[in-house]
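# Chain and residue survey
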Amino acid sequence: MRTRTQTRPEGSAAAPAAKDAAAARPQDSPAQRSSRPSRRFRQNGGPGRFAVFAAPGLLAYLALVLVPIGMTTGYSLTNKNPFNPPTQWVGLSNLTSLLSDDDFLKALQNTIVITVIVTLVTNAGGLAIALLLDRRGWLYNALRSVFFVPVVLSAVVVSVIWQSILVDDGLLNTVLRQLSVDHPPGWLSDPSLALYTVSWVIAWQGLGFCVVIYLAGLQGIPQELYEAAAIDGCGPMMRFRNVTWPMLAPAVTINTVMSLIGGFKAYDQIQVLTNGGPGPNTTSTLAFQVVQTAFNGNHVGYASAMAVAMLILVATVSVIALGWLQKREVSS
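Cut-offs applied
Residues numbered from 1 in each chain as written. Predicted model: local features only at pLDDT ≥ 70, side-chain atom pairs only at ≥ 80, totals over all residues. Heavy atoms only, no water. Helix = DSSP H or I, 4+ residues; strand = E, 2+ residues; numbered from the N terminus. Buried < 20%, exposed > 50% of the residue type's maximum accessible area, 1.4 Å probe, protein only. Contact = heavy atoms within 4.5 Å. Core = buried A, V, L, I, M, F, W, Y, C linked by side-chain atoms within 4.5 Å. Polar contact = N/O pair within 3.5 Å; in protein donor to acceptor, adjacent residues only side chain to side chain. Axes fitted to C-alpha atoms, helices over the stretch in contact; angles between N-to-C directions. Parallel < 35°, antiparallel > 145°, perpendicular 65-115°, else oblique. Left-handed = near helix turned anticlockwise from the far one by under 90°. Nonpolar A, V, L, I, M, F, W, Y, C, P; charged D, E, K, R; others polar. 1 Å grid on protein atoms, 1.4 Å probe; cavity = no way out; pocket = protein on both sides within 12 Å on 5 of 7 lines; lining within 4 Å. Points joined across faces, edges and corners; volume = space filled by probe spheres on them. Phe/Tyr/Trp six-rings, centres within 6.5 Å; stacked < 30°, edge-to-face > 60°.

## So, the environment of Ile117
You can see Ile117 is positioned in helix H6 (residues 102-133). The class for Ile117 is partly exposed, based on a relative accessible area of 21%. Distance from Ile117 to Gly263, taken between C-alpha atoms, is 8.5 Å for residues 146 residues apart in sequence. Those residues within four positions of Ile117 in sequence are excluded, and the remaining contacts are Tyr196 and Ser199.

This is the structure in structure tokens:
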């Protein structure tokens with residue numbers, strides 16, 4: 001009787017052995033794998049090439065932002081006056097003197113009023129216009145461009161245009177006289193109106209930026225949310241309150257912070273329209289006061305202290321507003 005012997009193929013015997021060897025081989029932990037530099041990063045030249053690309057931007061930021069801030073902070077601690085040397089160290093006396101400076105406090109008050117008006121007008125008006133323009137068609141595309149034109153214009157150009165409209169014998173008062181208004185308001189010459197007139201001009205120029213941001217936010221809202229809300233019986237106001245407004249939280253954050261910063265640094269419109277008048281410091285702002293003190297009064301040290309105080313104020317308000325609005329984004 002013959003016995004049949006079965007021979008196992010060589011590959012089939014090696015396969016279990018390879019599996020056992022692979023199972024016995026120590027595996028790298030996720031932390032070890034993440035700590036390895038990627039092959040693509042090494043092939044692209046490593047950190048040296050990224051440093052080369054980042055260097056121009058970092059150098060420009062250092063030269064145009066950080067160095068001037070450092071120099072201004074240093075000047076604020078001195079009584080620097082280029083026409084009255086020598087420069088002496090005065091410490092924090094410049095900053096403490098601001099608390100009793102009537103001109104500075106008046107400029108701070110005007111700046112706060114302008115900032116509040118600009119923030120409210122640009123956000124409310126920008127959202128309303130964006131809701132009206134959130135439609136398809138060549139007409140709405142043309143209107144979007146029209147509203148954005150003032151943003152790309154220089155603040156000086158915008159101010160000159162509005163000055164020709166708002167002066168006592170300008171276009172607006174001429175039209176009012178044609179409508180039988182015997183004594184039209186002095187939009188730029190009346191101390192009780194000049195600050196609000198300048199605030200309107202600043203808000204008008206920044207309106208287009210808010211419109212574009214809100215339009216981008218509206219076009220990013222999924223239509224399925226509106227359809228679901230309509231099925232649930234929500235009207236236009238309920239859809240706006242429960243769908244549109246929460247989804248626009250990032251756009252509200254951007255526009256609010258940018259409007260706050262734009263209001264605090266208002267200068268060009270003040271210089272062209274009123275030059276700080278019509279009365280003593282009627283429309284003077286912090287930025288305007290800094291320039292006047294430094295270049296007209298030659299008190300560089302004291303003007304630098306104003307600039308440092310302005311920087312601290314703007315940074316504090318912006319950080320607080322940004323933190324509060326970002327919490328709203330998360331809750332929405």
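Read on for the rest.
## Quick word on the nonpolar core
Judged by nonpolar contacts, the single largest core of 21 residues is most densely connected at Val211, Tyr214 and Leu248. Counting residues per element, the ones that place at least two in this core are H6, helix H10 (194-219), helix H11 (223-231) and helix H13 (249-264). The element that contributes the greatest number of residues to this core is H10, accounting for seven residues. Residues contacting Leu248, with those up to four places away along its chain left out, are Leu127, Tyr214, Gly217 and Leu218. Grouped together as the second largest cluster of nonpolar side chains are 15 residues, Val118, Val158, Leu195 and Leu273 included.

## Topic: the side chain of Thr244
Relative to the elements of secondary structure, Thr244 occurs in helix H12 (residues 236-247). Here Tyr226 takes part through its side chain, which lies 2.7 Å from a polar atom of the side chain of Thr244. Setting aside residues no more than four positions away along its own chain, Thr244 makes contact with Leu131, Leu218, Ile221, Tyr226 and Arg239.

## Thoughts on the packing of H6 against H10
Where H6 contacts H10, the axes come no closer than 6 Å and their chain directions differ by 40°. In terms of orientation, H6 and H10 fall into the oblique class. Considering how the two elements wind past one another, H6 and H10 form a crossing that is right-handed. When grouped by side-chain class, the residues that make up the contact of H6 with H10 number 21 nonpolar, seven polar and no charged.

## Description of helix H15 (residues 286-296)
For the α-helix, the turn length of 3.6 residues means that residues three or four positions removed from each other point alike. Here H15 has its buried residues at Leu286, Ala287, Phe288, Gln289, Val290, Thr293 and Ala294. Backbone geometry just after H15 places Asn298 at a positive phi near 65°.

## Quick look at the layout of surface pockets
A water-sized probe rolled over the atoms picks out the places where empty space is left. Of the volumes computed, that of the largest pocket is approximately 490 Å³. Lining the largest pocket are 19 residues; nearest its centre among them are Ile202, Gln205, Gly206, Gly262 and Lys265. Mapped by element, the contributors of at least two residues to the lining of the largest pocket are H6, H10, H13 and helix H14 (268-273). Broken down by class, the residue content of the lining of the largest pocket amounts to 11 nonpolar, six polar and two charged. Estimates place the volume of the second largest pocket at around 300 Å³. Taken together, 13 residues form the lining of the second largest pocket, with Thr72, Val290, Ala307, Met310 and Leu311 sitting closest to its centre. Elements that contribute at least two residues to the lining of the second largest pocket include exactly H15 and helix H16 (300-331). For the lining of the second largest pocket, the residue count by class is 10 nonpolar, two polar and one charged.

## With respect to the packing of H6 against H13
Packing of H6 against H13 leaves a shortest axis separation of 8 Å and a crossing angle of 150°. Judged on the interaxial angle alone, H13 and H6 are roughly antiparallel. Crossing angle aside, the handedness with which H6 passes H13 is right-handed. On H13, the residues touching Thr111, Ile114, Thr115, Val118, Thr119, Thr122 and Asn123 of H6 are Val252, Asn255, Thr256, Ser259, Leu260, Gly263 and Phe264. Here the residues of the contact of H6 with H13 are counted per class, giving five nonpolar, nine polar and no charged.

## Describing the packing of aromatic side chains
The relation between two aromatic rings is expressed through the spacing of the ring centres and the mutual angle of the planes. Evaluated as defined, the whole model comprises four aromatic pairs. Aromatic side chains Phe240 and Trp245 sit 6.3 Å apart centroid to centroid with 35° between the ring planes, which places their arrangement in the tilted category. Arranged with centres 6.1 Å apart and planes meeting at 35°, the rings of Tyr267 and Phe288 form a pair that is tilted. Pair noted here: Tyr267 is in the loop between H13 and H14 and Phe288 is in helix H15, with a separation of 21 residues, a long-range link.

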